[in-house]
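Fold and contact review
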Number of protein chains: 2
Amino acid sequence: MVESFFNPKSVALIGASHEPKKIGYVILENLVKDFKGKIYPINPKANDILNLKVFPSIKNVEDKIDVAIIATPANTVPSLLKECGEKGVKNIIIISGGFSEASEEGKKIEEECKKIIKEKKIRVIGPNCLGILDNFSKLNTLFLPSNILERPKEGNVSFISQSGSIASTIIDCFSEEGIGLARFVSYGNAIDVNECDLLDFFFNDEKTKVILFFLEGVRNGKRFIKIARKVSKKKPIIALKGGKTYSGIKAALSHTASLAGEYKIYSSIFKQVGIIEAENLEEMLDFAKAFSKQPLPRGKNVVIISAGGGLGVITSDECEKYELYLPEVDENIKSKLKEILPSYAIIKNPIDLTGNVTSETYLITLEECLKSNLFDGAILILLFQSPLTDNQQLLEELPIIIEKYKKPVLCCSPGGKSSKHFRKILEEKNIPTYDTPERAVRSFAAMVRYVNLNKLKPQKDKSHHPV
Amino acid sequence: MVESFFNPKSVALIGASHEPKKIGYVILENLVKDFKGKIYPINPKANDILNLKVFPSIKNVEDKIDVAIIATPANTVPSLLKECGEKGVKNIIIISGGFSEASEEGKKIEEECKKIIKEKKIRVIGPNCLGILDNFSKLNTLFLPSNILERPKEGNVSFISQSGSIASTIIDCFSEEGIGLARFVSYGNAIDVNECDLLDFFFNDEKTKVILFFLEGVRNGKRFIKIARKVSKKKPIIALKGGKTYSGIKAALSHTASLAGEYKIYSSIFKQVGIIEAENLEEMLDFAKAFSKQPLPRGKNVVIISAGGGLGVITSDECEKYELYLPEVDENIKSKLKEILPSYAIIKNPIDLTGNVTSETYLITLEECLKSNLFDGAILILLFQSPLTDNQQLLEELPIIIEKYKKPVLCCSPGGKSSKHFRKILEEKNIPTYDTPERAVRSFAAMVRYVNLNKLKPQKDKSHHPV
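Everything in this summary refers to the structure shown in the same document.

**Concerning the overall build of chain A**
When its secondary structure is counted, chain A shows 15 helices and 19 strands. The dimensions of chain A, computed from C-alpha atoms along their principal axes, are 80 × 45 × 40 Å. The buried share among the 467 residues of chain A stands at 66%. Expressed as a percentage of contacts within chain A between residues at least 6 apart in sequence, the contacts between residues at least 24 apart total 74%. Accessible surface computed for chain A: about 17300 Å², of which carbon and sulfur atoms make up 51%. Positive and negative side-chain charges in chain A, numbering 66 and 58 respectively, have mean positions lying 5 Å apart.

In C-alpha cells:
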C-alpha cells in the first residue's frame with residue numbers, strides 16, 4: 001500500500017495559497033516545478049494560483065486523486081480527511097502541525113483523525129511532517145523553496161525521518177557531500193504510516209541501496225525488530241537516534257510526542273538487528289557516502305597511506321580506537337616500494353610517502369597494497385598541496401585503480417578551498433573523500449561493523465564484494 | 001631568544017634552487033612574495049634565482065643574517081650549521097628531513113648537530129619541519145605554494161605543531177573556517193627549540209589570544225607542566241595529541257622520533273595544567289573558532305534556540321553528553337515569548353520556534369534569553385531555509401544582539417551551499433557558526449571546561465567576561 005504514495009499520477013493540494021511566503025504556496029510552486037502528473041490546488045477562497053485552476057473542495061475534482069496533501073490548520077484536518085475518504089482518495093499526506101506534539105486539544109484532534117483513517121480505510125503520512133521527496137517520480141511535498149534548499153541529484157540513498165528539520169538539512173547537505181538521493185520521507189507524528197511500513201517499502205525498492213533513518217521512538221517494537229533485521233541483511237540501515245539523554249527525551253516528547261524510551265535499549269536492539277548507529281548528523285552523512293559509493297570490506301585489515309607523518313599518526317590512533325587492524329606491510333610490498341620511494345619514506349603501516357610524494361608514488365603504493373591479501377581496504381590521505389604531485393594525473397588514475405580491486409578505499413583530503421575542490425572531483429567519481437582522516441576511519445569502521453553485525457560473507461567471485 | 005626567530009630583518013636560504021618544483025625554490029618564492037626584509041639565497045652552483053643574487057656560501061654574505069633557513073640533504077647540515085655559527089647567525093630553521101626519524105645514520109647526524117648548536121651557541125628550530133609562518137612580520141618558510149595552500153588572514157590564533165602535514169592542512173582550513181592566524185611554528189624533531197620555548201613565547205605575545213598545539217611527545221615533562229599551567233591561566237591552549245594508541249605510538253616513533261608515551265598520563269596532565277584537549281582535527285578547528293571569536297561563559301547554563309524540533313532534540317542530547325545544563329525557561333521569558341510566537345511553538349529549553357520562524361522571532365527570543373540570569377550563553381540553530389525568515393535582517397541584527405550581552409553564542413546553520421554562504425557571513429562578523437549542532441555544543445563545552453579547569457572567575461564588570 002505504501003508504494004502508491006511514491007508514484008502518483010495525480011495529486012491534490014488542500015490549502016493551496018497565493019501568498020508566496022505561505023506553505024501552501026511553496027508546496028504548490030515545487031509541485032509545478034518538479035512533478036510530472038496532474039496537480040489540483042484546493043482552496044474555497046481562491047480562483048487561480050500559478051496558472052492552475054483552484055477547486056473549492058476535493059469533492060469538486062472529477063478526476064481520480066492518487067495522493068492528497070493537506071496543509072491547513074490542525075482543527076480543519078478531520079473534516080478534510082472525511083471529504084478525502086468520500087472522494088475515494090486512499091493516500092493522504094498531512095503536512096500540518098498542531099496535533100499531539102503541541103497541546104491537549106491537538107491530541108484530541110489526532111485521535112479523531114485516527115478514527116476517520118480506520119473508518120475510511122485510507123493511509124496517512126504525518127501529520128507534523130514534510131512528506132515526500134521522490135527523486136524518480138519527482139513528487140515533492142516539501143515546503144522549502146528550491147532556491148534555498150538544494151535538491152540532491154538522483155542516487156541510491158533513501159532517507160526516513162521522524163523530524164522535518166533534520167531531514168531537510170541533511171538532504172540539503174547531500175549535494176555538497178556528493179551524495180545522491182533516491183527517495184525521502186519525513187513522517188512526523190506517524191498516526192498511521194510508520195517507520196516499519198517505510199523500511200519494508202525500501203526493502204523492496206530497487207532504487208535504494210542505503211537507508212538513512214532518523215528516529216525519536218518506534219511505535220511497535222516487535223514489528224520493528226523483525227523488519228529491521230530482514231532489511232539489514234539486504235541493505236545497510238544507518239540510524240541516528242534522537243532522545244538519548246534525559247534532556248533529549250524531554251525535548252522529543254514536545255517534538256513528535258514520541259516516547260523516546262531508554263536509549264541503551266534502542267542501542268542494543270540496533271546492534272541485534274544489524275542497524276549501524278551514527279553518533280551524530282555528521283556521521284550519518286559520512287557513513288551514507290561510504291556505503292553508497294564503495295564496496296563492502298571483507299574484514300578489518302586496513303592500510304593507511306599518507307603523505308605526512310603526523311596525519312599518519314592520528315589516523316592510526318583513530319583506527320585502533322574504532323577497532324580496525326593495521327597489519328605490517330610484508331617484504332614483498334616493501335621491496336617493490338623501496339624501488340620507487342625516497343630513502344626517507346617510511347614503509348610500515350601507516351606508509352608515509354613524505355612531502356616529496358608524487359602522483360606515481362601514490363598510485364603505485366595504493367595498487368601494491370590493494371593487490372595484497374594482507375589488506376581489506378585502504379585509508380588514503382591525499383595532500384593535493386604537495387609541490388611534486390601532479391594532481392590532474394592523480395584525479396584521473398586513482399578511480400581506475402580503486403575500481404579495479406573491488407576493495408573499499410576511503411580518502412581524506414584535508415585543507416581549505418583547493419582541497420575542497422579536489423574532494424568534489426573525487427566524489428563525482430564515486431570515491432568518498434573526507435576533510436579529516438578521522439571521518440574516513442570512522443566511516444570505514446562503520447562498513448566493517450555492518451558486515452560483522454549482519455554476518456555477511458564475501459561472495460565467492462573475485463570481487464570480495466558481499467552485497 | 002625565541003622571539004628573534006619571528007621578526008627578522010634579514011634571512012638567508014641555504015639550498016635555494018631554481019627548479020620550480022624543488023623545496024628550495026618554493027620557499028624562496030614565498031619569501032620573495034611575502035617577506036619584507038632582505039633575502040639572501042645560498043647555493044654554490046647557481047648565480048641568479050628569481051632575480052636575486054645567489055651567494056655560494058653564507059660566509060660570502062657581508063650583511064648580518066638574523067635567521068638562516070637550511071633546506072639541503074641531512075648529511076650536509078652539520079657543516080652548514082658550523083658555517084652559520086662562524087658567520088655569527090644565531091637563529092637557524094632546519095627544514096630538511098632524514099634525521100633521527102628516518103635512520104640510524106640520520107640519528108648520528110642529529111647528534112652531531114646538537115653538539116654544534118651547543119658549541120656555537122645558536123638556536124635551532126627543526127629539523128624535519130616546516131618552520132615559521134608569521135602573519136605580522138610575514139616571515140614564511142613553508143615549502144607549500146601559496147596558490148594551493150591558502151594563507152589565512154591575520155588573526156589572534158597561533159599554532160605550534162610537531163607535525164608539518166597537520167599544521168599545514170589545519171592552517172589551510174583557517175580561511176574556509178573564517179579563523180584568523182597570528183603565528184605558526186612547525187618544530188619537527190625539536191633538537192633545540194621545543195614546545196616549552198614556544199609556549200613561553202606565545203605567553204607574552206600580544207598578538208596571540210588562543211594557542212593551538214599538536215604534539216606527539218614532550219621532551220621535558222616538568223618544564224612543560226610548569227609553563228603550560230602558567231600559559232593556560234592567561235590564554236587557552238587547545239591540544240591534540242598524536243600517538244594515543246599502540247598503533248599511533250609506533251607511527252609517531254617513525255615520524256618525529258617521539259616517545260609518545262602513555263596517553264592516559266598526557267591526558268591527565270592536560271587536565272591538571274588547564275589545557276583543553278581536542279579529540280581530533282575537527283574539534284581543534286571548532287574550538288579555535290569559538291575561543292577566538294566569543295567571550296568565555298560564566299558557567300554551564302545554556303539555552304538552545306532552534307527552528308526545528310528534531311534539531312533541538314539532538315542538540316539537547318549532545319548538551320547533556322558534554323555536561324552542559326539546560327535550565328527551564330522561566331515564566332517571565334515565557335510570557336514575553338508567548339506574545340510573539342505562534343501557539344504551537346514550544347517555549348521550553350530547547351525553544352522550538354518551528355518552521356514558521358521569522359527573523360524577528362529569532363532575534364527577540366535570543367535577546368530575552370541573553371538578558372536573563374538563567375543562561376550563561378546560547379546555542380542558536382539557524383535555518384536559513386525557512387520560508388518566512390528575512391535572512392538579510394537576521395544577518396545584520398544578530399551580531400548586534402550577541403555583542404550587546406557579552407555572553408557566548410555559538411550558532412549552527414546546517415545544510416548545503418546556501419547555509420555555507422550564510423555561515424561565512426556570520427563568521428566574518430565574529431560569530432562562530434558550525435554545520436551541525438553537535439559541533440557547536442562541543443565547542444561551547446570546551447569553553448566551559450577551560451573556565452573550570454583554570455578556575456577563572458568572571459570579572460566584576462557587567463561583561464561576564466573572564467578574559
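**Here's the deal with the state of the cysteines**
Per the stated rule, a full pass over the model turns up zero disulfides over all chains. Sulfur of Cys319(A): no disulfide; nearest cysteine sulfur belongs to Cys412(A) and is 12 Å away. Taking relative accessible area as the criterion, Cys319(A) reaches 0% and is therefore assigned buried. As a non-bridged cysteine, Cys129(B) has Cys113(B) as the owner of its nearest cysteine sulfur, 12 Å distant. The exposure class assigned to Cys129(B) is buried, which follows from its relative accessible area of 4%.

**Concerning the side chain of Arg439(B)**
Within the element layout of this structure, Arg439(B) appears in helix α16 (residues 437-453). In contact with Arg439(B), other than residues within four places in its own chain, are Glu282(A), Glu177(B), Glu282(B), Asp286(B) and Tyr434(B).

**Structural notes on the environment of Lys293(A)**
Residues and elements named next belong to chain A. With respect to the helices, strands and loops of the structure, lysine 293 is situated in helix α9 (residues 281-293). A residue is classified by how much of its surface remains accessible, and lysine 293, at 11% relative accessible area, is buried. Beyond its immediate chain neighbours, meaning those up to four positions away, lysine 293 contacts Gly178, Glu427, Asn430, Ile431 and Pro432. A distance of 2.7 Å separates a polar side-chain atom of lysine 293 from the backbone oxygen of glycine 178. Polar side-chain contacts of lysine 293 include one of 2.9 Å to the backbone oxygen of glutamate 427.

**Thoughts on the environment of Ile122(A)**
Residue and element names in this part refer to chain A. Here isoleucine 122 is to be found in the loop between α3 (104-120) and β7 (123-125). The spatial distance from the C-alpha of isoleucine 122 to the C-alpha of isoleucine 92 is 7.5 Å, given a sequence separation of 30 residues. Not counting residues up to four positions away in its chain, the partners in contact with isoleucine 122 are Leu81, Gly85, Val89, Lys90, Ile92, Ile117 and Asp192.

**What to know about the interface of chain B and chain A**
Frequently, the measure chosen for interface size is the accessible area that the parts lose on association. In this complex, chain B contributes 75 residues to the contact, which on the side of chain A involves 74 residues. Together chain B and chain A conceal approximately 5600 Å² of surface at their shared face, both sides included; 59% is due to carbon and sulfur atoms. Where chain B packs against chain A, one counts eight salt bridges. Across the salt bridge formed by Glu328(A) and Lys250(B), the nearest N and O atoms sit 3.1 Å from each other. One can count 26 residue pairs in polar contact (both at pLDDT 80 or more) joining chain B with chain A.

Reading the values: the criteria
- Residues numbered from 1 in each chain as written.
- Chains lettered and ligands numbered in written order.
- Predicted model: local features only at pLDDT ≥ 70, side-chain atom pairs only at ≥ 80, totals over all residues.
- Heavy atoms only, no water.
- Helix = DSSP H or I, 4+ residues; strand = E, 2+ residues; numbered from the N terminus.
- Buried < 20%, exposed > 50% of the residue type's maximum accessible area, 1.4 Å probe, protein only.
- Contact = heavy atoms within 4.5 Å.
- Areas by Shrake-Rupley, 256 points an atom, 1.4 Å probe, with all protein chains shown as cover.
- Lys, Arg positive; Asp, Glu negative; His and termini not counted.
- Charge placed at Lys NZ, Arg CZ, Asp CG, Glu CD.
- Disulfide = S-S within 2.5 Å.
- Polar contact = N/O pair within 3.5 Å; in protein donor to acceptor, adjacent residues only side chain to side chain.
- Buried area = accessible area lost by both parts, 1.4 Å probe.
- Salt bridge = Lys/Arg side-chain N within 4 Å of Asp/Glu carboxyl O.

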